[in-house]
Amino acid sequence: MRFDASAKTKMFWEVYARYFLASQSIYYVCEKLHLESPTILEIGANGEQYLNEFLPDAIVIPSNMNPENLNKTVDNLVVADASDMHMIPDNSYDFVISCAVLEHIPPKLHRAVLSETFRVARIGVFHAAPLESEYVNRAERTVSNFHEQLHKVKHRWIEEHLINGHPSVEAISSYCRELGMDYSIFQHMDYQLWTSLYCTTLETGRYGGRFREYINVYYQQELFRRDAGKFNVFMYLYMSKSG
């Protein structure tokens, strides 16, 4: 199985970080199990082929409960609510992943989402989401307020995060233990760097895509592998069925 770690100039730097780490985790497990073309159900997919940019041999099946949320039309979309996928049999896909989805789901449903994604996965599950902390809330308010200064409206998706509340490490860990899951959690994206880069990206947007590409490349090549501090924005959860 191949893992393509080459620079992706068109990919927003934050998206790059999430999908690089998700893909790398899946790649390591596949190498261990000698699996060449894993099937991956992506929860909350938007129609972009981010996973396949890193894992060209994977068979990625997008899923979203609201097809109108997709940026692009896809032929193999699975329309399903991640908290209740009763129409999908157990162990249907090698992996299930979500990147920046849990924060758009009310916290009262997080346990059900973990349970359902684990049920339909054969090998493992990977979730990436902003974590609940005063630092993350402060960072997101700063970015949303700056977005409002530039565009006269707050950032749609960040405001949804703040209204719903982010998943907390404590709650997610507790759910995993209750459900008897073998799991691990790590963090990434220093909140101060995230705030500065996000605001800079918003500011350069008025000057055209070329400047954003510079930011993307600089982050991917110079900052990504060092982007972890005492207080981070993203939590990464891997739940394993394969040990």
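Presented here is an overview of the structure given in this document. (Residues numbered from 1 in each chain as written. Predicted model: local features only at pLDDT ≥ 70, side-chain atom pairs only at ≥ 80, totals over all residues. Heavy atoms only, no water.)

Examining the nonpolar core
Operational definition: For this analysis, a nonpolar core means a set of buried residues of the types Ala, Val, Leu, Ile, Met, Phe, Trp, Tyr and Cys, connected via side-chain atoms within 4.5 Å. Burial status follows relative accessibility: with a 1.4 Å probe on protein chains alone, a residue under 20% of its type maximum counts as buried, one over 50% as exposed, and anything between as partly exposed. Per the convention used, a helix needs a DSSP run of H or I reaching at least four residues, while a strand needs a run of E reaching at least two, with both numbered from the N terminus.
One finds Leu41, Phe95, Ile97 and Trp194 to be the most contacted residues of the largest nonpolar core, which totals 76 residues. Considering every element that reaches this core, the biggest residue donor is helix H1 (residues 13-33), with 12 residues.

Considerations on the sheet that holds strand S3 (residues 93-99)
Whenever strands of a sheet pair, they do so through backbone hydrogen bonds, lying parallel or antiparallel. For clarity, the threshold we go by: At least two DSSP bridges between two strands are required for those strands to pair. Structural elements are reduced to axes, namely lines fitted to C-alpha atoms, with helices fitted over the stretch in contact, and the angle between N-to-C directions of any two is expressed from 0 to 180 degrees.
Here 6 strands make up an open sheet; going across it, the order is S2-S1-S3-S4-S6-S5 and the pairing mixed. Here the strands that pair on one side only, and so sit at the sheet edges, are strand S2 (59-63) and strand S5 (182-190). Direction aside, the axes of adjacent strands within the sheet are offset by 20° on average. Strand direction decides the pairing type here: strand S4 (residues 121-130) and strand S6 (residues 232-240), joined by 7 bridges, are antiparallel. Bridge assignment links valine 125 to a residue of S6, and that residue is methionine 239.

Some remarks on the packing of aromatic side chains
To keep it simple, the criterion reads: Two rings belonging to Phe, Tyr or Trp (six-membered ring only in the last case) form a pair when the distance between their centres is within 6.5 Å. Interplanar angles under 30 degrees mark stacking, angles over 60 mark edge-to-face geometry, and anything in between is tilted. Charge-over-ring placement is defined geometrically: NZ (Lys) or CZ (Arg) within 6 Å of the ring centre, and within 35 degrees of the ring normal.
Scanning the model with the defined rule gives 23 aromatic pairs in all. Seen in terms of ring centroids, tyrosine 27 and tyrosine 28 are 5.9 Å apart; in terms of plane orientation they differ by 50°. Their pairing is tilted. Ring pairs connect the aromatic residues Phe3, Phe12, Trp13, Tyr16, Phe20, Tyr27, Tyr28, Phe54, Trp194, Tyr198, Tyr219 and Phe224, which therefore count as one cluster. Between lysine 8 and the ring centre of phenylalanine 54, over which it is positioned, the NZ or CZ distance is 4.8 Å. Positioned over the ring face of phenylalanine 118 is lysine 241, at 5.0 Å from the centre of the ring.

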